[in-house]
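Residue strings, one per chain:
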There are 2 protein chains.
Amino acid sequence: MLDSLLKPQSVAVLGVSRSAGKVGHEVMVNLIQGGFEGAIYPVNPGAEEILGLRCYPDLASIGEPVDLCLVALPVSKVEAAVKQALAANVGAMVILTAGFKEVGEDGAELEARISDLCRQHRVRLMGPNSVGLINAHHKLNATFAPVMPPPGGISVISQSGALCVAILDWAASQGIGLGTTVSFGNKADLNEVDFLEALAEDDETRVITGYLESIDDGERFLTAAQEAADIKPVVILKVGVTAAGAKAASSHTGSLAGADIAYWAAFKRAGVIRAETFESLFDYAQAFAMQPLPEGRRLAVITNAGGPGIMAADAAEGSGLELMSPDEATQDALRAVLPPEAAVGNPVDVIGDADPDRYMAAFETIQAGDFNDATLLIATPQNMTRPAELAHRLAQAHDGEKPLVAAFLGGDEVEEARRILTSLNIPCYSSPERAVRALRGMVDYAAWRNRPPRVVTRFPVNRRRVDRVIRWHRRMKLSQIGEVEGKEILRAYDFTIPRGRLVESSSQAVEAANQIGYPVVMKIVSPDIIHKSDVGGVRLNLATSDQVRDAFDLLMLRSTRSLPDARVRGVYVEAMGRRGREVILGMTRDPQFGPMLMFGLGGIFVEVMKDVTFHLAPITADEAMQMLKATRSYALLTGVRGESAVDLEAIAGGLQRISQLSTDYPEIAELDLNPFIVGPVGGESYVADARMALRPQEVAK
Amino acid sequence: MLDSLLKPQSVAVLGVSRSAGKVGHEVMVNLIQGGFEGAIYPVNPGAEEILGLRCYPDLASIGEPVDLCLVALPVSKVEAAVKQALAANVGAMVILTAGFKEVGEDGAELEARISDLCRQHRVRLMGPNSVGLINAHHKLNATFAPVMPPPGGISVISQSGALCVAILDWAASQGIGLGTTVSFGNKADLNEVDFLEALAEDDETRVITGYLESIDDGERFLTAAQEAADIKPVVILKVGVTAAGAKAASSHTGSLAGADIAYWAAFKRAGVIRAETFESLFDYAQAFAMQPLPEGRRLAVITNAGGPGIMAADAAEGSGLELMSPDEATQDALRAVLPPEAAVGNPVDVIGDADPDRYMAAFETIQAGDFNDATLLIATPQNMTRPAELAHRLAQAHDGEKPLVAAFLGGDEVEEARRILTSLNIPCYSSPERAVRALRGMVDYAAWRNRPPRVVTRFPVNRRRVDRVIRWHRRMKLSQIGEVEGKEILRAYDFTIPRGRLVESSSQAVEAANQIGYPVVMKIVSPDIIHKSDVGGVRLNLATSDQVRDAFDLLMLRSTRSLPDARVRGVYVEAMGRRGREVILGMTRDPQFGPMLMFGLGGIFVEVMKDVTFHLAPITADEAMQMLKATRSYALLTGVRGESAVDLEAIAGGLQRISQLSTDYPEIAELDLNPFIVGPVGGESYVADARMALRPQEVAK
């Protein structure tokens, strides 16, 4: 995939300048110095030769097929150049020129025209506003960045060209090998999804790292990211995390779901490791690129100084890794090779005067033991340490079965050792905490890789009833679905709903109550009254026909008094359900990633403690149960303080049914089941109140 | 203070070897190469001259006063050397030799003998097991570490010698200036408190950084740290944070207070900035050493790349800093100096092709504006950036009124610029997130410096009643103070306690209830029954004498049935208080830092949600109110969902009274007021149940 772009046999550059410093000139220099083995065609009508290569007046005069065409012309000349390239039948195109969508309306229009042209000709376009691309394994440096790192297993996709340059510079200075690096710019055509797909299949890429500011198509991203993550690790730094922006949401669920929550949920679903900071992006990437995945979360730490060992232990405990003590045999073996002052627990402290021999004796003993899934070797530069020798011997001794990472603390004294380790595929960090964080990322990814197959249950439901309710609301131009019809929809999805009837007079109310059986609940029904309780629109526990009659009149009176213009459809008379634990089940539709399910305990747990969890739909039974367990208040559901446990399966089942409803009906923008009353195990659980909102008509499919 | 040690006029080294690599030899090399201007006396009976200096057979033969005596002899010869040094009347001593307390019993005994000797002679001792010390401003390098950083404002105190060496190496390689660096080793005599005191008064130290694994005397540490922090920033990395270890606690408060919570509380009280990781220790230290404190939390960001700007904004929002938009005038001024594609909000994006001129035009405009309290300048290495020139000009342009920090992203291309910035006192970080974190540390410290005076209210109390209760429990060898006497103590500290009486028969119970007035509560009273409810030992809302009589019999029956050996003192009959909001007030005594107060909402909020806050006693009214506000459930106290607000002052007052009780009575190890019932504002709040535990007799003062 994208071979013309990423593995071209020939490259033409439109807009090659004779002046050093100009983009077109620098790209040409990089192509040549990078050692590209295919043909390089500089195109400039005003020059015969540039940098020792024959220069062509235009693409047509080259007379050979051109795989990749780079455009480094001023913005005013780009459209004509694109037409020329398409006429010349190039394989793929990169527009390095800036000044398009990012500067305003005119640029955006020009960009759209160009990308339309390329699409018509089925030629893929990267950019504009791109720094270019590097495929180190293909000896292709088609960027105007000043430095090029060595070839390696880390591929980089970046929405920011400037950051891309900084990354290349950093990687080169650290000796970190990169594979394919692309700066995809304005994404007029090719975007993150295309590169995820291409790099997933690229054998030279061991880990895909990405810097993203936006995601164009959530659904395609999810699919591509997960397919890539199933093959190799995908680490992404997604910025703009806290600027969630005010979101107009009428549901609890919507108001609690910040934009960033959807990204977390999406990345988790897709198995993408999310980097928290710029530094962690490559902390993770190095571990993934250089080491095998751990089989569990048990970490062994070897150190020549107590302090950093404690730092590692603190960080491990804080991130859920375990420092198990070595078994007796391993401890004995360690004692045999270490001085009496050494510590043979975990961390293993080989103490300050350890030379590489002693370090290696300890490391090999640990490597032969079976109390860890990964090893962290820490070194501080002491008199006997000889860091560079240690680095060499460590790489030599490592059998590669379990992941090994290093943390060498200090400055110039350990600098060479760090480079040696990096070059020998042992990631070396400047602090124990960063090393542990990288290992934690590996453990999480390994767990995702070993996840059970996702089986989404499909429940038999009655879609015709739902269709009818939605059609009716569309016809009436109502975007809110209130309790009565909301419950009709939920009943069609096999939720338990108390018996109830919409009535329009007090005598109808009494008749309904007699039919349903006492006690009953009565609630005002109006498309204009969303928060019924706030206007006194709910009456509970009505036990006699007199009470029902009074309640009807009172509800009608109150609603007309507090909201004179409200359209009142009547009063809903409903069987009074049993008491139980109140929870809230909800769904809101993220613009990028679609339906997101919410769970939380009702009332203050949602409103005050914000103790809710989210998960992308569709959801499996296991994932639904995980949502419950991820709340802080989970223990309240399993029975504490003398209360009995509630029917967890009923909640998880409810979430799965909402999941199905949300994927079946994209028209439903958000919904709250609030409260959903959960009974004891084996008892009854039911929907006490529910609301839904439809998407605006024009958007709904 | 400690001048003989930190600013000696003469240094003698016992155990100077001719062999390079030996501790005594390396120290001598460092002393000479460091350029120490005082006298240096190598002592070795077997040599005439070492490293060009006359060698002495012993201290006595020097014939001149010796301020600082370093001991680098084998462990077996150290005691004799110490005696010799004391006889020669040295000013201070450092034992570099290892092999003492850290290796076992014998070493510990030797160490204790030596420190006793020094104390008897009033000679201060650092070590043993120390790497030595450096005072760069005094040109003193009395360590055996291989490198020495340039002189600067950051002083370092380290409990780990190995880490100290790594820090010196790192600082030297980064060009970061250090002032006084001490590796205080086993703390046989001098410890963290002594160095905090000494460095607080050292004019050359701008910031004190510390690496600590343990704190010897919490109270002295608190005092010294706070006194130091009142003069200059103190940043400490305290490791061993999560290994809290199981703590036997009978109170809720005790079981919720991990050891690390006490450190957080203590550092917060003392104004100490706590470094979360090894890297953040010096991230903070550099900002403090090089820049003035900000006056507020408003941050301006300048960048030549959008991505890192967003990273900075994300980090700022996540840590409570504000990115305000520049005022109109500043925006106009920015537009006048920047190209049209630039962004003049916050971050200010000078875009990728910015040269130092443009960067400086933007920086100077921002510096003249008034929408920020601190500035972060971000640079990625692009074609026009010229990082080194930018660094020079930035330092030149900065007027020093508001703090300025930089984040230069990349590798070799920005390396020189980073060094230039560091050398010109502008801290430069490798990521936007680290820069923002450092600024956040400055903002927090500035806020602490500007804190209102702490006035701890002293309430008039009746200590005689408390003395009596405690004496009685001591006499009875009871360590638990149950509800009846616990409430007596609290009543003496002016808590509202419902009327109640301890009774021993059903007729006494009825008599008591008649006197108190119905309804009443009845509870079993036994030193052996701590959790009364668990054994059915509580009866609520008893409205008639018959009910009281029945309840008495039932309580006695139940308690003897479930705990046949329990010593039952009778039944407590108490007026039934009004309903209100249940909260828990508690105190547990940290072994290091003394009484720690706890607050949380009652029931599930404590037990399930663990939503509690801690604060060291003594506490002010304002701090008590902060404890309330720091809980997630705080909104429940101020009235949400139709519930009325509770009397916050009553809770804060209760915490202050417990604070006073805990400081007045060190005998009280822990206490729970659980629940404390808070009424509405102006209403009644009272203690519904209370328990206390006394410290073991031998420990109590």
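Residues numbered from 1 in each chain as written. Chains lettered and ligands numbered in written order. Predicted model: local features only at pLDDT ≥ 70, side-chain atom pairs only at ≥ 80, totals over all residues.

Chemist: Break down the overall build of chain A for me, citing the residues and quoting the values.
Modeler: Along its length, chain A carries 24 helices and 30 strands. Its C-alpha atoms give chain A principal-axis dimensions of roughly 100 × 80 × 40 Å. For chain A, the share of sequence-separated contacts (at least 6 apart) that also reach a separation of at least 24 residues comes to 72%. (Helix = DSSP H or I, 4+ residues; strand = E, 2+ residues; numbered from the N terminus. Contact = placed C-beta atoms within 7 Å.)

Chemist: Give me the lowdown on the sheet that holds strand β14 (residues 273–274) of chain B, citing residues and values where you can.
Modeler: Pairing between the strands of a sheet is mediated by backbone hydrogen bonds and can be parallel or antiparallel. All names here are of chain B. Strand order in this open sheet of 7 strands is β9-β8-β11-β10-β12-β13-β14, and the pairing throughout is mixed. The open sheet terminates on both sides in strands that have one partner only, identified here as β9 (140–143) and β14. Here strand β8 (residues 132–135) pairs with strand β11 (residues 178–183) via 4 bridges, running antiparallel. Its bridge partner lying in β11, G132 is registered against S183. Lying on the sheet, helix α2 (residues 23–33) is in contact with β8 and β9; it crosses β9 at an angle near 175 degrees. (Pairing = 2+ DSSP bridges. Axes fitted to C-alpha atoms, helices over the stretch in contact; angles between N-to-C directions.)

Chemist: Before we move on, could you go through the relation of the copies chain B and chain A and cite the residues and values that matter?
Modeler: The transformation that overlays chain B on chain A combines an axial shift of 0.1 Å with a rotation of 180 degrees, and the residual RMSD is 0.1 Å. A rotation of that kind, with that shift, is consistent with a two-fold axis. If distances are taken from each C-alpha of chain B to the rotation axis, the shortest is found for B:M609, at 4.6 Å. Counting the interface residues of chain B, we find that 97% of their copies in chain A are interface residues as well, pointing to one common contact surface. (Least-squares fit on C-alpha atoms with pLDDT ≥ 70 in both.)

Chemist: Give me the lowdown on the confidence of the model for chain A, citing residues and values where you can.
Modeler: Residues and elements named next belong to chain A. With 97% of its residues at a pLDDT of 70 or more, chain A shows a mean pLDDT of 93. Every residue in residues 243–248 is under pLDDT 50, and counting partners more than four places away or in other chains gives 6 contacts. Listed scores for the predicted complex are pTM 0.92 and ipTM 0.91. (pLDDT = per-residue confidence, 0-100.)

Chemist: Give me the lowdown on the domain arrangement of chain A, citing residues and values where you can.
Modeler: Split by domain assignment, chain A resolves into domain 1 (3–287), domain 2 (292–449), domain 3 (463–575) and domain 4 (581–694). Between the C-alpha centres of domain 2 of chain A and domain 3 of chain A the distance comes to 66 Å. (Domains from an automatic or database assignment.)

Chemist: Give a description of the interface of chain B and chain A that names residues and reports values.
Modeler: Accessible area lost upon the coming together of the parts serves often as the stated size of an interface. Contact with chain B, which involves 64 residues of that partner, is made by 62 residues of chain A. Secondary structure elements with two or more residues in the side of chain B that touches chain A: α5 (161–174), α10 (278–290), α11 (306–318), α15 (412–423), α16 (432–449), α21 (604–607) and α23 (635–638) of chain B. Looking at which element gives the most residues to the side of chain B that touches chain A, the answer is α5(B), with 10 residues. When its residues are assigned to classes, the side of chain B that touches chain A shows 28 nonpolar, 22 polar and 14 charged. (Nonpolar A, V, L, I, M, F, W, Y, C, P; charged D, E, K, R; others polar.)

Chemist: Report on the pairing of strand β15 (residues 299–303) of chain A, specifying residues and quantitative values.
Modeler: Residues and elements named next belong to chain A. Among the 5 residues in β15, 5 count as buried, and that is most of the element. Burial of the side chains of β15 extends over both faces: L299, V301 and T303 are buried on one face and A300 and I302 on the other. Judged from the 4 bridges that link them, β15 and strand β17 (residues 374–379) form a sheet pairing that is parallel. Bridged to I302 within β17 is L377. In terms of strand pairing, β15 meets strand β16 (residues 348–349) through 2 bridges, oriented parallel. Paired with T303 across the strands is D349, a residue of β16. (Buried ≥ 20, exposed ≤ 12 C-beta atoms within 10 Å, placed from the backbone.)

Chemist: Could you give an account of the sheet that holds strand β19 (residues 428–429) of chain A, naming the residues involved and the relevant values?
Modeler: Residue and element names in this part refer to chain A. Spatially, 5 strands are ordered β16-β15-β17-β18-β19 in an open sheet, and the strand pairing comes out parallel. Two strands bound the open sheet, and with one partner strand each, they are β16 and β19. Each of β15, β16 and β17 touches helix α13 (residues 356–368); the most contacted strand, β15, lies at about 170 degrees to it.

Chemist: Before we move on, could you go through the pairing of strand β26 (residues 594–601) of chain A and cite the residues and values that matter?
Modeler: A regular strand places its side chains so that they alternate between the two faces of the sheet. Residues and elements named next belong to chain A. For β26, a buried count of 7 out of 8 residues is recorded, marking the element as mostly surrounded by other parts of the structure. Two elements, strand β25 (residues 581–590) and β26, share 8 bridges in a ladder whose sense is antiparallel. When the bridges of β26 are listed, T588 appears paired with M596. Here β25 hands over to β26 after 3 residues, the two strands then running antiparallel side by side. Pairing of β26 with strand β27 (residues 612–616), which is carried by 5 bridges, proceeds in the antiparallel orientation.

Chemist: How would you explain helix α22 (residues 621–629) of chain A if you had to name every residue and give the values?
Modeler: Residues and elements named next belong to chain A. Taken residue by residue, α22 has E623, A624, M627 and L628 as its buried positions. One face of α22 carries all of its buried residues, which in axial projection span an arc of 150 degrees. Exposed side of α22, more than 90 degrees from the buried face: D622 and K629 are the residues found there. (Arc of directions from axis to C-beta.)

Chemist: Got a sec to walk through the packing of helix α12 (residues 328–337) of chain B against helix α13 (residues 356–368) of chain B? Specific residues and values, please.
Modeler: Residues and elements named next belong to chain B. Viewed as axis vectors pointing N to C, α12 and α13 meet at an angle of 165 degrees, and their least axial separation amounts to 9 Å. On the basis of the axis angle, α12 is roughly antiparallel to α13. Handedness of the crossing formed by α12 with α13: right-handed. Where α12 approaches α13, its residues T330, A333, L334 and V337 are matched on the opposing element by A361, A362 and T365. For the contact of α12 with α13, a count of residues per class yields 5 nonpolar, 2 polar and no charged. (Parallel < 35°, antiparallel > 145°, perpendicular 65-115°, else oblique. Left-handed = near helix turned anticlockwise from the far one by under 90°.)

Chemist: Account for the packing of helix α19 (residues 506–516) of chain A against helix α20 (residues 545–562) of chain A, naming residues and giving values.
Modeler: Relative placement of two packed helices is described by the angle separating their axes and the distance separating the axes. Residue and element names in this part refer to chain A. Where α19 meets α20, the closest approach of the two axes is 9 Å, and the angle between their N-to-C directions is 140 degrees. Taken together, the axes of α19 and α20 lie oblique to each other. Of the two possible hands of crossing, α19 and α20 adopt the one that is right-handed. Taking contact as the criterion, the partners of S506, A509, V510, A513 and N514 in α19 are, on α20, S545, V548, R549, F552 and D553. Classifying every residue of the contact of α19 with α20 by side-chain character gives 5 nonpolar, 3 polar and 2 charged.

Chemist: An account of the environment of A:D169 is requested, with residue identities and associated values reported.
Modeler: For A:D169, the location among the structural elements is in helix α5 (residues 161–174). Between the alpha carbons of A:D169 and A:L439 there is a distance of 25 Å; along the sequence they are 270 residues apart. A:D169 has contacts with A:V147, B:P381, B:G410, B:G411, B:D412 and B:E413, leaving out every residue within four places of it along the chain.

Chemist: An account of the nonpolar core is needed here, citing residue identities and associated values.
Modeler: Ranked by size, the top nonpolar core spans 423 residues in total, and within it A:L70, A:V71, A:L439, B:L70, B:V71 and B:L439 carry the most contacts. Not counting residues up to four positions away in its chain, the partners in contact with B:L70 are B:V11, B:V13, B:L14, B:V27, B:V94, B:L96, B:G132 and B:A142. Of all hydrophobic cores here, the second largest spans 19 residues; its members include B:V503, B:A509, B:A512 and B:V571. (Core = buried A, V, L, I, M, F, W, Y, C linked by C-beta atoms within 7 Å.)

Chemist: Describe helix α6 (residues 192–200) of chain B, listing the residues and the values that go with them.
Modeler: All names here are of chain B. Across the 9 residues that make up α6, a large majority, 8, are buried. Within α6 the residues assigned to the buried category are E192, V193, D194, F195, L196, A198, L199 and A200. Packing partners of the buried residues in α6 comprise α1 (3–6), β10 (151–158), β11, β12 (207–212), α7 (218–229) and β13 (234–238).

Chemist: Any details on unusual backbone geometry? Residues and values, ideally.
Modeler: Going from A:G127 to A:P128, the amide bond is cis rather than trans, its omega being -5 degrees. Tracing the backbone through its elements, the reader meets A:P128 in the loop between β7 (124–126) and β8 (132–135). Between A:N674 and the following residue, A:P675, the backbone shows a cis peptide bond with an omega angle of 0 degrees. Within the secondary structure, A:P675 is located in strand β28 (residues 668–678). Positive phi, normally seen in glycine, also occurs at A:D494, with a value near 65 degrees. Structurally, the position occupied by A:D494 is in the loop between α18 (483–492) and β21 (500–503). According to the C-beta neighbour criterion, A:D494 is partly exposed, with 15 such atoms within 10 Å. In this structure, B:K610 is a non-glycine residue whose phi angle is positive, near 50 degrees. Overall, the presence of 11 C-beta atoms within 10 Å leaves B:K610 in the exposed class.

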